[in-house]
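An overview of the molecular structure
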Amino acid sequence: MSGEKYSSLSPGDGGDFEVTPEVLSGLQQDARLVAGDQSYDRMWRARVESRQTRLCQWSGQSPDNRKWAKNAGNEEVEPFEGACDIRQRYADMVGNEKMMLCILSMIRGAVRVTPAEGSDVAFAGNLELVRRYLIRNAIGWEWFREFIKLGSQVFGETPGVGKMRVTWVRRIALKYETIDLDGLTKLWIETQEVDEQDQAALQEEAVRFQEAFMNPEQEEGALADLIQEFFPFVNRGRAKKVVRELRTTGVARFPAPHVAYEGPEIRAQSYLSEWVVSTGCGEFQRCDRYYEYECLTESEVRSRRVTDGWSEAFVDELLQTESDSKRGMYAGKILFQEYGMGDNGSILPFESSRYRGLYQVVHAYVKYTNEDNIPGRYAVTFHPDVKVAATEMRLIDYAHNKWPGHVFQREVLSDKLLDSRGIPELASGVQGMLKLHTDNLGDHGQISALPMMRAPRKWEGDDVEVGPLAVLENRGPQGGEWSWLQPPQFPTSVGDMIGRIQSMGDEYFGRPSETVHSDVKRLHDEFTVFWWLTNVSEVIRQILQLAQQYMSDEMLARVTNREGETFIRDRTEIQGQFDVAINFDPRMLDPDFLEKAGGFVQGILLAIDRENTIDTAPLVENLMWQFWPEMADRSIRDVQQATQAETDKERTNWQMILAGEEPPMVDDGSENYGVRRQYYDQLEEMNPEIYNSLPEDRRTLLQARVEHLDAMQEQYGANAQIGRQGAVSGSQRLQEKQGSNQES
């Protein structure tokens, strides 16, 4: 972006400010320079070529993967009519495999939210519940849909980048309500966002509104003006109707605004198609400005007055129509063009008819510094040819002080953000060579199955030079008879070449193959997953930072733990610095490796851990997430809950002992024997004489219970590889004692 003409100095203290004609003109001129920059044009051409490679698009194609003159402008095709024209989708396969690996890593990966400082586990736990609620309940299925789009952009486009836009939205919708004057006044007060010191002025305005309606001498037109002043989204006709209904019946049907959705919103945006930044930009969050753009229908433009607060002047000028009632001058007029492949294979901008009835608006994100040279991030919407902006210049007051979103790169080649190549750009050579040799092999197969024929000299049919069942005249001295013309043997070296080219590409991209070592594939998979999840963590971090800033107490009340319990009272309980990490090993996608990993933990690590230094809870949780992610969330309890559940069950066993009944001696490893054994130590700590006061038969049952828990703890801990060796039951001991008493 060169030749900018706007000033980076904002007037006043750095808050929202009016977009002056000078500021707007500077942004409009800068946007035109961006759209007309040669680097923008070159990058679009590279994008189209890359897309042609991925989608296997070229001129003269036929659905049956063959060449026909009718699809080539009735010109002769080579080497013969009906020859092979196979779509070799190597680049698309590689890109899809990488994208699917990344999405599966998000599904199976274990997300951890941890406090950045100290050991405030409760705070981190609350924030983890908020994360789960926002992604599953608020964003919902769009979470994976948008990341699939993003993966397609990062791996399948040129340049190999994609932006995930992350914002906190408050989407307003209208619904008709029957309302009286008091209700209308209350509705207006509820829609105003003012500071506490401005409440008095707000009440004065409300009184002015009501007094005007109660004045019988007030004209209908003036009251309609007042309604439009207080509710700018109401048109003139509706305002007059509301006035008449209020005066005649005391109530009116009114389009009342309500919050349809409030929460995080993510959107995958394709570079060039939906946003653009300077080719010299380094790290995205440090860039001075960038532009987003979208094409809207007329109804969408009008609705933005309510949802986004666009000014009436901007909407009217954007939608203005000419005297002959044709579509307005801005419909179909596109500043940021998209390009595609022409009929003859050339790369051209799309025709204006593609945008008929659409209005392209531009969202500028710009850094300004205030009079104290403190920078701020701002956003404004405009159209290059409309003389007013849609809104004032709004300060992006996100507490994380970042642009709303994060840019993913497939690779990092330099300090330039856009210096990242997509897979089709890298795979085009391999794909082209595979197509060449595969087409040749297919053509040879057609001619071998239906060989050419040699006809007698006097045959008067058409003379076809080459192709299946083609006929050549025998020009020998005797004229000859009809005979088959055997084609040459297809060179085996070509088949070998196809395999070598495939192997070369597979090794470069780390695909599984007989010729690619498993270590190469694992290296590629592990780095791809690491780099992707590192970027996903930043998206989650921004979502949680916005939740800390904007999430309402009403919304927090809907956040529950796995048992459906609500315990986050207000936003103060999710405040603090935190880290986000997602852990996933691509080898865990192999069930055989999962089984080996579990066996290694159980058979070796736990067997030698005689001091019980290993906390098995994280191991079990991680293996469960990798093996059966759809059940992990419902089946896994946190350590505190699991410990409490074991303690509660052992308390029941203690009550059985007090009643003279022996608890079941479970020896299959399904209980946490260590936690249950600690329960009896805790009882003795609270009352050292508790066991001495028991009758002899109860003490016998208790001794057997404790020895059983000690034996099982040893059995499934340090002594896991030695055969099972349980304790003698309490009932058996009582029987032995009774028998010895009888003998004596």
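Residues numbered from 1 in each chain as written. Predicted model: local features only at pLDDT ≥ 70, side-chain atom pairs only at ≥ 80, totals over all residues. Heavy atoms only, no water.

What follows concerns the overall build of the protein chain. In terms of regular secondary structure, the protein chain is built from 22 helices and 15 strands. Counting over 744 residues, the protein chain shows a buried share of 43%. Element-wise, carbon and sulfur atoms account for 49% of the exposed surface of the protein chain, whose accessible area totals about 39,800 Å². (Helix = DSSP H or I, 4+ residues; strand = E, 2+ residues; numbered from the N terminus. Buried < 20%, exposed > 50% of the residue type's maximum accessible area, 1.4 Å probe, protein only. Areas by Shrake-Rupley, 256 points an atom, 1.4 Å probe, with all protein chains shown as cover.)

Looking now at the nonpolar core. Counting 105 residues, the largest nonpolar core has Phe 147 and Trp 532 as the members making the most contacts within it. Judged by nonpolar contacts, the second largest core, of 24 residues, contains Leu 184, Phe 209, Leu 223 and Ala 239. (Core = buried A, V, L, I, M, F, W, Y, C linked by side-chain atoms within 4.5 Å.)

With that out of the way, let us pick up the sheet that holds strand 4 (residues 275-277). Strand pairing in a sheet relies on backbone hydrogen bonds, with the paired strands running either antiparallel or parallel. One open sheet accounts for five strands, arranged 4-5-8-9-10; its pairing is antiparallel. Both edges of this open sheet fall to strand 4 and strand 10 (394-395), since each of them pairs with a single strand only. As defined by bridge partners, strand 9 (residues 375-382) adjoins strand 10 across two bridges and the pair is classed as antiparallel. Bridge pairing in strand 10 places Tyr 378 opposite Leu 395. Strands strand 5 (289-296) and strand 8 (359-369) of the sheet are contacted by helix 10 (residues 298-307), whose axis makes an angle of about 120° with strand 5. (Pairing = 2+ DSSP bridges. Contact = heavy atoms within 4.5 Å. Axes fitted to C-alpha atoms, helices over the stretch in contact; angles between N-to-C directions.)

On to the packing of aromatic side chains. Throughout the structure, instances matching the rule amount to 31 aromatic pairs. A centroid spacing of 6.4 Å and a plane angle of 25° characterise the contact between Trp 168 and Tyr 550, whose relative ring orientation is stacked. Placement of the pair is Trp 168 in strand 2 (residues 161-180) and Tyr 550 in helix 14 (residues 518-550), with a sequence separation of 382 residues. Overall, the relative accessible area of 11% leaves Trp 168 in the buried class. Ring pairing ties together the aromatic residues Tyr 271, Trp 275, Phe 284, Tyr 290, Tyr 365 and Trp 403, which thus form one cluster. One Lys or Arg, Arg 47, reaches over the ring of Trp 44 and ends 5.6 Å from the middle of that ring. (Phe/Tyr/Trp six-rings, centres within 6.5 Å; stacked < 30°, edge-to-face > 60°. Lys NZ or Arg CZ within 6 Å of the ring centre and 35° of its normal.)

We now examine a nonpolar patch on the surface. A contiguous nonpolar patch, built from Leu 104, Ile 107, Phe 144, Ile 148 and Leu 589 and spanning about 350 Å² of accessible area, is present on the exposed surface. Of all the secondary-structure elements, those providing two or more residues to the nonpolar patch are helix 3 (90-108) and helix 5 (142-156). Overall, Phe 144 belongs to the partly exposed group, its relative accessible area being 31%. (Patch = residues over 30% accessible without salt bridge, like charges linked within 9 Å, V, L, I, M, F, W, Y side chains within 5 Å. Salt bridge = Lys/Arg side-chain N within 4 Å of Asp/Glu carboxyl O.)

Purely geometric stuff here, so don't read any function into it on its own.
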